[in-house]
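Each chain, letter by letter, is given below.
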Amino acid sequence: MSRIGRAPITIPPEVEVKISETNVVTVKGPKGTLQQPIDAQIAIEIENAVLCVSRPTDAPRHRSMHGLSRTLINNMIVGVTDGFKKELEISGVGYRATMEGSKLVMNLGYSHQVIIEAIQGISIDVPAPNKITISGMDKQAVGQFAADIRKKRPPEPYMGKGIRYAGEVVRRKEGKTGAK
């Protein structure tokens, strides 16, 4: 059995979980509502505010979907109660970010400003000119949005300039040496 898949999920009292006949799980909580279709062959049962996920056989497809299904449901429950957050750091001379309405405006060393529009369900906060915080209830959307921002100027290994995740270590390379 999958160690992740067989772990039960405790449903908090403020969260409401519904499972449709087509195995679409709907989770409603204080921060909003999330929906996720789950593989039809994976069984989902709720008893006494505890959700359990099980698989019919040990076939490779069922084994792979077992842990994935449990993790997706758990992430939805965490998302509607606490939410998810990604922090980015900008390093480089003259590199900075500001918020103008719902748009994130960044100076990243290009001849133009990089402007990113906030998407629905995601909130962007700029507590300092070199820090960006992305938060929301959908873990996948928060991670993807943070990756899209980081892609605008990934950290480079020689000077270390660019956008990186908070706590990310960029392996530095030695530059060229004069050959004499």
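From a predicted model like this one, the values you see are computed outputs, not experimental measurements.

Peer 1: I'd like to hear about the overall build of the protein, residue by residue, with values.
Peer 2: What the protein contains, in helices and strands, is two helices and 13 strands. Against the 2.2 N^0.38 benchmark of 16 Å for 180 residues, the protein shows a C-alpha radius of gyration of 21 Å, more extended than a compact globule. Taken along the three principal axes of its C-alpha coordinates, the protein extends 70 × 45 × 25 Å. Here the protein holds 180 residues, and the buried ones make up 36% of them. Across the protein, the fraction of contacts at a sequence separation of at least 24, relative to all contacts at a separation of at least 6, is 50%.

Peer 1: Summarise the pairing of strand S7 (residues 84-91); cite the residues concerned and give the values.
Peer 2: Relative to strand S12 (residues 131-136), S7 runs antiparallel, the two sharing six bridges. When the sheet's bridge partners are listed, Glu 87 is paired in S12 with Thr 133. Relative to strand S13 (residues 162-165), S7 runs antiparallel, the two being bridged by four bridges. Bridge pairing links Ile 90 to Ile 163 in S13.

Peer 1: Account for the pairing of strand S10 (residues 114-117), with residues named and values stated.
Peer 2: Burial of S10 is one-sided: the residues Val 114 and Ile 116 facing one way are buried, the residues Ile 115 and Glu 117 facing the other way are not. Here strand S9 (residues 103-107) pairs with S10 via four bridges, running antiparallel. Within S10, the position partnered with Val 105 by the bridge is Ile 115.

Peer 1: So what's going on with the packing of aromatic side chains? Which residues, and what values?
Peer 2: On inspection of all chains with the given rule, the structure shows zero aromatic pairs. Here Arg 153 stacks its cationic end above the ring of Tyr 110, 4.2 Å away from the centre of that ring.

Peer 1: Summarise unusual backbone geometry; cite the residues concerned and give the values.
Peer 2: Phi is positive for Asn 48, close to 55°, though the residue is something other than glycine. Note that Asn 48 resides in the loop between strand S5 (43-47) and strand S6 (50-54).

Peer 1: Please set out the sheet that holds strand S8 (residues 96-100) residue by residue, giving values where relevant.
Peer 2: Pairing between the strands of a sheet comes from backbone hydrogen bonds, and it takes one of two forms, parallel or antiparallel. Taken together, three strands build an open sheet; the order of strands is S8-S9-S10 and the sheet is antiparallel. Strands with a single pairing partner mark the edges of an open sheet, and in this sheet they are S8 and S10. Averaged over all pairs of adjacent strands, the angle between strand axes in this sheet comes to 20°, irrespective of strand direction.

Peer 1: Outline the sheet that holds S5, listing residues and values.
Peer 2: Ordered by their spatial adjacency, three strands build an open sheet running S1-S6-S5, and the pairing between neighbours is antiparallel. Lying at the two open borders of the sheet, with one neighbouring strand each, are strand S1 (9-10) and S5.

Peer 1: Could you give an account of helix H2 (residues 139-151), naming the residues involved and the relevant values?
Peer 2: A rise of 1.5 Å per residue sets the reference length of H2, with its 13 residues, at 18 Å; its end C-alpha atoms lie 18 Å apart and thus fit the reference within 8%. Within H2, the full set of buried residues consists of Ala 141, Val 142, Phe 145, Ala 146 and Ile 149. Here the buried residues of H2 occupy an arc of 130° about the axis, which is enough to place them on one side. In H2, those exposed residues whose orientation departs by more than 90 degrees from the buried face are Gln 140 and Lys 151. Buried residues in H2 make contact with S7, S9, S10, strand S11 (122-128), S12 and S13.

Basis of the calculations
- Residues numbered from 1 in each chain as written.
- Predicted model: local features only at pLDDT ≥ 70, side-chain atom pairs only at ≥ 80, totals over all residues.
- Heavy atoms only, no water.
- Helix = DSSP H or I, 4+ residues; strand = E, 2+ residues; numbered from the N terminus.
- Rg over C-alpha atoms; globule rule 2.2 N^0.38 Å.
- Buried < 20%, exposed > 50% of the residue type's maximum accessible area, 1.4 Å probe, protein only.
- Contact = heavy atoms within 4.5 Å.
- Pairing = 2+ DSSP bridges.
- Phe/Tyr/Trp six-rings, centres within 6.5 Å; stacked < 30°, edge-to-face > 60°.
- Lys NZ or Arg CZ within 6 Å of the ring centre and 35° of its normal.
- Axes fitted to C-alpha atoms, helices over the stretch in contact; angles between N-to-C directions.
- Expected span 1.5 Å × (residues − 1).
- Arc of directions from axis to C-beta.

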